[in-house]
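Below are the chains, spelled out letter by letter.
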Amino acid sequence: MYFFPWVQFIQKFLLLVIIFSNNYISNALGQTVTIARYIQTTDNLSTLSQILSYPGLVDLFTLLNSTVAVTLFAPTNEAFLSSGIDLTNANGAFVSNLIRYHAVPDREILSKDLMPSLVVNTLLNDSSLVHLPNGGQVLYLMKSIQGDITINNGNSNGISNLPVKIIQMDIICTNGVIHIIDSVILPPLSLFDTANNLGLTQFINISTNVNLLSNFNTTIGMTIFVPTNDAFNRPNILSIGSTEKISLLKLHAIIGTVIYEIKDGMDIESSDTGKKLHFTVKNDTIYVNNGKVEKSDILLQNGVMYVIDNVLLPLDGSGGNVVSNNSTNGFDNGYNVQGTRDKKLIVGTVLGGICGGIVISLFSCMLYKWYRAQKNSKSVTNINNINNKR
C-alpha cells in the first residue's frame, strides 16, 4: 500500500531531472556553436531553420553564423504554425522582413538586462514598413517582478493582441544569445491600421475629415495620444469648426520625437506650435494635461501611440494648468486637469475621514450606552438578590 506513493514521487523526480537536463544540454550546446548552427540542430526550431535558407535571408544567415554579436528571438515551430502566416518562399519579401524583426544586431541581451523594460533596434529597416528617425524598427521588452519577459506588450496588429512571451531564455552561443518565444512577433502597422484595430473610429473619422491622418501616417518619428470614442463623444467636441479640430488634433501629437518612456514632470512641445504637453506619473499611471493614459507603448511604423481617456486641452502657460473649457473650444472635456483631480481627491479623503469619524463616534456612543445599560441591569439584579437573602 505504501509502494505507490513512492512510485509517483520517483516519477515526478525523474521528470524534473529530464527537464533540467534538456535545458542544461541545450544551453551547453549553445555555448559551443553559432546561433545559426544551434537553430539547425534544434528540433523545435526546424521551421525557422528552413526559413533562414530562403534566398532573401542569406545575409541574415551569414550574420547568425559569424562572429558579430546578435540577439535572436526565435519562434518555435508551433508559434509559426499558430500564426497562420504564409511562410513559403513565394511570400519571401514579407517573411524576410518578419524574421529580421526578430534579430537585434551588435548586442547580447540577457534576461538580467531587462528590468523593468528595454527598447532595442532590430534589423527590420524596410522603408515601406519603417518610418523612424533612427532606422530600424524597435522591440519593446518588459520584465515582470516574477521574471516573465514579454515583447511588444501594447501592440495591436490585427491578429493577436496578446504579448509575445519568452519561454526559454539566455541560450548563450559563440556569437550572441537566443531567446525562444511562444509567438511570432509581427511588425507594427500604420497609425490608421492600428487605430482601426483598436476600434478608435472617431479619431480616424475626424483626422481624415480635416486631412491630418495621411500626414500623421507618413511623418518620420511621432508620439501620438489618441482619445477613445467616448472622449470624442462628449458634448460639443464634434461640432467645433475644422480649424479648431486641426489645432486640437495637432495638440495630441509630438512630431520628430518618439517617446517610449514617459517620466514625471516632462514638458514637451506638441505639433500645435507654441502649445506644450505636461506629463505626470503617479503610481505607475501616466497623465498628460487633462487626460489619463489607458493603454501605453503601442508601437507604430513611425513611432508610438498612447490611448487616452480624454480629448486634451492646452496648458495655460504656467506649466501645470489647463486652459478652462469656455476659453478654448467651448466643449466639456469631461473633467478638469490633473491638479483639480488631486484637489478633489484630497477633499474626498478629508470628507471621507470626517464621515468615518462621525460613524465611529456614534457607534462608540451606542456601544457605551448598551454597556452602561447592561451594567446597571446587573447591579439591580445583585441588589434584589441581596434583599431577598435578607
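Everything below is about the structure printed above this text.
Here is what the cut-offs are and how they apply
- Starting from 1, residues in each chain are numbered consecutively following that chain's sequence as written.
- This being a predicted model, a pLDDT of at least 70 is required before a residue's local features are given, and a value of 80 or more before pairs of side-chain atoms are given or counted; all residues contribute to the totals for chains, interfaces and linings.
- Hydrogens and water are ignored here; the side-chain numbers use all heavy atoms of the structure.
- Under the scheme used here, helices are H or I runs from DSSP no shorter than 4 residues and strands are E runs no shorter than 2 residues, and both carry numbers assigned from the N terminus.
- The contact definition used throughout considers only heavy atoms, calling two residues in contact when any of these lie within 4.5 Å.
- Nine residue types can take part in a nonpolar core, namely buried Ala, Val, Leu, Ile, Met, Phe, Trp, Tyr and Cys, and a core is a set of them joined through side-chain atoms within 4.5 Å.
- Relative accessible area decides the class of each residue, using a 1.4 Å probe on protein chains only: under 20% of the type maximum gives buried, over 50% gives exposed, and in between gives partly exposed.
- Residue ranges labeled as domains rest on an automatic or database domain assignment.
- If DSSP finds at least two bridges between two strands, the strands pair.
- Convention adopted: a line fitted to C-alpha atoms gives each axis, helices being fitted over their contacting stretch, and angles between N-to-C directions are expressed from 0 to 180 degrees.
- Of the grid points, spaced at 1 Å and generated over the protein atoms alone, those admitting a 1.4 Å probe that cannot get out make up cavities, while open sets with protein on both sides within 12 Å along at least five of seven lines make up pockets; any residue with an atom within 4 Å of a point is treated as lining.
- Grid points are joined across faces, edges and corners, and a volume is the space filled by probe spheres set on the points.
- Only Asp, Glu, Lys and Arg are considered charged, only Ala, Val, Leu, Ile, Met, Phe, Trp, Tyr, Cys and Pro nonpolar, and every remaining residue, Gly among them, polar.
- Definition of a polar contact: a pair of N or O atoms within 3.5 Å, with one able to donate and the other able to accept a hydrogen when the atoms are protein atoms, and with sequence-neighbouring residues admitted only if both atoms are side-chain atoms.

### Quick word on the overall build of the protein chain
The secondary structure content of the protein chain amounts to 12 helices and 14 strands. Considering only residue pairs separated by 6 or more positions, the protein chain has 64% of its internal contacts joining residues 24 or more positions apart.

### Some words on the nonpolar core
Grouped together as the largest cluster of nonpolar side chains are 38 residues, with contacts concentrated most on F73, L139, I151, I185, F225, L277 and F279. Broken down by element, this core gets its largest block of residues, 4 residues, from strand β4 (residues 138-143). Built from parts of two domains, this core gets at least three residues from each of domain 1 (29-181) and domain 2 (191-308). Filtering out sequence-adjacent residues up to four positions away, I151 remains in contact with F73, L139, Y140, L141, P163, V164, I166, I181 and I185. Residues I35, Y54, F80 and I171 belong to the second largest nonpolar core, which totals 30 residues.

### Topic: the sheet that holds strand β5 (residues 149-151)
One open sheet accounts for 7 strands, arranged β2-β1-β7-β6-β5-β4-β3; its pairing is mixed. Two strands in the sheet have a free side with no partner beyond their single neighbour: β2 (103-105) and β3 (117-121). Shown here is a sheet whose adjacent strand axes are inclined to one another by a mean of 25°, direction ignored. Bridge count between β4 and β5: 3 bridges; the pairing is antiparallel. Looking across to β5, one finds that L141 is bridged to I151.

### Observations concerning the layout of surface pockets
If you add up the space inside the largest pocket, you get close to 460 Å³. Forming the boundary of the largest pocket are 16 residues, of which Y140, M142, I286, S296 and D297 lie nearest the centre. Every element with two or more residues in the lining of the largest pocket is listed here: β4 and β13 (291-300). Among the elements that make up the lining of the largest pocket, the one with the highest residue count is β13 (3 residues). Looking at the lining of the largest pocket residue by residue, the classes come out as 8 nonpolar, 4 polar and 4 charged.

### Details of the pairing of strand β8 (residues 222-227)
The element β8 is largely enclosed, with a buried count of 6 among its 6 residues. By the alternation rule, side chains of β8 split into M222, I224 and V226 and T223, F225 and P227, which are all buried. Relative to strand β14 (residues 303-308), β8 runs parallel, the two sharing 6 bridges. The residue bridging I224 from the neighbouring strand is M305, located in β14.

### Observations concerning the side chain of H102
Summarising the element assignment, H102 is placed in the loop between α6 (92-100) and β2. Of note is the side chain of H102, whose polar atom sits 3.0 Å from the backbone nitrogen of I185. Contact partners of H102, with chain neighbours within four places excluded, come to T71, L72, F73, P75, I181, V184 and I185.

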